[in-house]
Amino acid sequence: MLESIYLREHREEAEQRLTKRNIDAKALLDTARDLDDVRRNTQQDLDARLAELNLLSRTIGDLMKSGKKDEAESARATTIELKGRTATLKDQLDAAEKALQDHLCTIPNAPHSKVPAGRTPEENVTVMQEGAIPELGPDAKPHWELGEDYGILHMDLGVKVTGAGFPVYSGQGAKLQRALIAFFLDKAIEAGYREYIPPHMVNAESAFATGQLPDKEGQMYHATVDGLYLIPTAEVPITNLYRNDLLEASALPIKMVGYTPCFRREAGSYGAHVRGLNRVHQFDKVEIVRIEKPENSYAVLEEMVEHVKGLLRTLELPFRQLLLCGGDMGFSSAMTYDMEVWSAAQQRWLEVSSISNFETFQSNRLKLRVKGDDKKNRLAHTLNGSALALARIVAALMENNQTPEGIRIPKALQPYTGFAMIQK
RNA sequence: GGAGAGGUGGCAGAGCGGUCGAAUGCGGCGGUCUUGAAAACCGCUUUACUCGCAAGGGUAACGGGGGUUCGAAUCCCUCCCUCUCCGCCA
């Protein structure tokens, strides 16, 4: 959620930035301004009345003590009128605050100036591409066929146990998952991240704070009896570790990493492009999260990208880096890079990481601040990125590394898997 | 799930209807003293919103929400959480 004070003091800039999302920024911001004006006027009015009331109450106390009962009684009568007025104003203020809040919730984050304008994924900018595209023979198979052939991935068993989109891994396939998770975690820890194992369910406050509610309500599994949501990403519980915190500047940077399964309903997306592991309801992911001073956040974003590139290089996967255009960016992000790996049998790029700077969009909802040098406390910047999402990495590894002898495991991963080849 | 106790500032811990944003101690910051440090002493030490160029002012906050009252950290209701005991259980 954007700060109303930012919208008030940097109206022009906000409008320019927001326009990149192909939305009617002017109308949204005009409404925000009007609602904010109402809120402030109401508050000023209320505060003034309350000040009067406080003064009167103190006077009554004094009068009572000095035994001037009559004067106290008449003062009391006055307060009753005032009280009615303040009650009305309080209701109005609550309504005004809610109206402003509800409206601000509908405004997406303002894209950074470097974000290209654009409407569709076609307008994303390819920043770089690296790694040799493997040439597979004509009998190359997509990962879901390989998974069956080798007996390591069973989409049908998932259907039996749960439903479509819940993969079951077994044998070397299961070990490969575990190896990747351990590998990604170790690399992040090496890079200075502290590992967390967070809850896999969160309450509504947490889901709101990182931006999943109300924007993506339908995308989360909801345990309605207890009012909890299955996490769609570790970003939610890990970022919320710092909800309602006021940090010393010296506490930053905060670098966290966590592995969790991720649950996504993915309502409405079916078809050829979602076969196998391409899009599933449950997948494993290692997520890195940063809490930073505003002036550092964009340098940190690049640093996180470099970390992910390092992982992809080590896994010997061809990859490319995309800078998302305004129209394709997530609701909460100010700037997002997507990392995609080439899946050789499907002949397509698969998104395996999304790295974003949220600036103060999340921290405003989180109420996550940093103490300033002067008296001013500022909202921190939050960032996060997948490092990495497993299911599609597994898909690409299987497809790209298929050989007549079996599926080759990248060298760096072999100490984790304990084998160099997946075989029948 | 049942019974009981409790939730106050960074921490510990008073307050139990009026001048309490809140005693006191610890911690932290600044100062005096000292060659330096410690000790001692003095002062300061929450946050949000809002008005103001600023200095500074106003309002709110004692787990969350609601109520009683001219006035609530203090009384009442409700929800949440923590602790103890019992039950259940990986």
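Predicted model only: the values in this text are computed from it and were never measured.

1. Overview of the overall build of chain A
Working step 1: Within chain A, the secondary structure is distributed over 13 helices and 19 strands.
Working step 2: Each principal axis of the C-alpha distribution contributes one length, and for chain A these read about 100 × 45 × 40 Å.
Working step 3: When contacts within chain A are restricted to residue pairs at least 6 apart in sequence, those whose partners lie at least 24 apart make up 74%.
Working step 4: Looking at chain A as shown, the accessible area adds up to about 19900 Å², and 51% of this sits on carbon and sulfur atoms.
Working step 5: Taking the average location of the 52 positive side-chain charges in chain A and that of its 59 negative ones, the two points are 3 Å from each other.

2. Considering the sheet that holds strand β6 (residues 222-223)
Working step 1: Taken together, three strands build an open sheet; the order of strands is β5-β7-β6 and the sheet is antiparallel. With one partner strand each, in any of the chains shown, β5 (201-202) and β6 form the two edges of the open sheet.
Working step 2: Two elements, β6 and strand β7 (residues 228-230), share two bridges in a ladder whose sense is antiparallel. Of the residues in β7, the one forming a bridge with alanine 223 is leucine 228.

3. Here we look at the sheet that holds strand β15 (residues 377-379)
Working step 1: Across the sheet, which stays open at both edges, the three strands sit in the order β8-β14-β15 with mixed pairing between neighbours. Strands with a single pairing partner mark the edges of an open sheet, and in this sheet they are β8 (246-247) and β15.
Working step 2: Summarising the sheet, β8 and strand β14 (residues 369-371) pair through two bridges and their orientation is parallel. Looking across to β14, one finds that leucine 247 is bridged to valine 370.

4. Side note on helix α3 (residues 25-65)
Working step 1: For α3, which comprises 41 residues, the first-to-last C-alpha distance of 59 Å matches the rise-based estimate of 60 Å (1.5 Å per residue) to within 8%.
Working step 2: Following α3 by one or two positions, glycine 67 adopts a phi angle in the positive range, close to 80°.

5. Comments concerning the domain arrangement of chain A
Working step 1: The domain architecture assigned to chain A consists of domain 1 (4-105) and domain 2 (121-422).
Working step 2: With centres defined by C-alpha atoms, the gap from domain 1 to domain 2 works out at 43 Å.
Working step 3: At the interface, six residues of domain 1 touch 10 residues of domain 2.
Working step 4: Here domain 1 packs against domain 2, burying approximately 580 Å² in sum over the two surfaces, 41% of which is carbon and sulfur.

6. With respect to the nonpolar core
Working step 1: Counting 61 residues, the largest nonpolar core has Leu180, Phe184, Leu312, Val341 and Ile393 as its most contacted members.
Working step 2: Aside from chain neighbours lying at most four places away, what touches leucine 180 is Leu315, Leu390, Ile393, Val394, Leu397 and Leu413.
Working step 3: Among the nonpolar cores identified, the runner-up in size contains 17 residues, and Ala25, Leu29, Leu100 and Phe331 belong to it.

Criteria and cut-off values
Residues numbered from 1 in each chain as written. Chains lettered and ligands numbered in written order. Predicted model: local features only at pLDDT ≥ 70, side-chain atom pairs only at ≥ 80, totals over all residues. Heavy atoms only, no water. Helix = DSSP H or I, 4+ residues; strand = E, 2+ residues; numbered from the N terminus. Contact = heavy atoms within 4.5 Å. Areas by Shrake-Rupley, 256 points an atom, 1.4 Å probe, with all protein chains shown as cover. Lys, Arg positive; Asp, Glu negative; His and termini not counted. Charge placed at Lys NZ, Arg CZ, Asp CG, Glu CD. Pairing = 2+ DSSP bridges. Expected span 1.5 Å × (residues − 1). Domains from an automatic or database assignment. Buried area = accessible area lost by both parts, 1.4 Å probe. Core = buried A, V, L, I, M, F, W, Y, C linked by side-chain atoms within 4.5 Å. Buried < 20%, exposed > 50% of the residue type's maximum accessible area, 1.4 Å probe, protein only.

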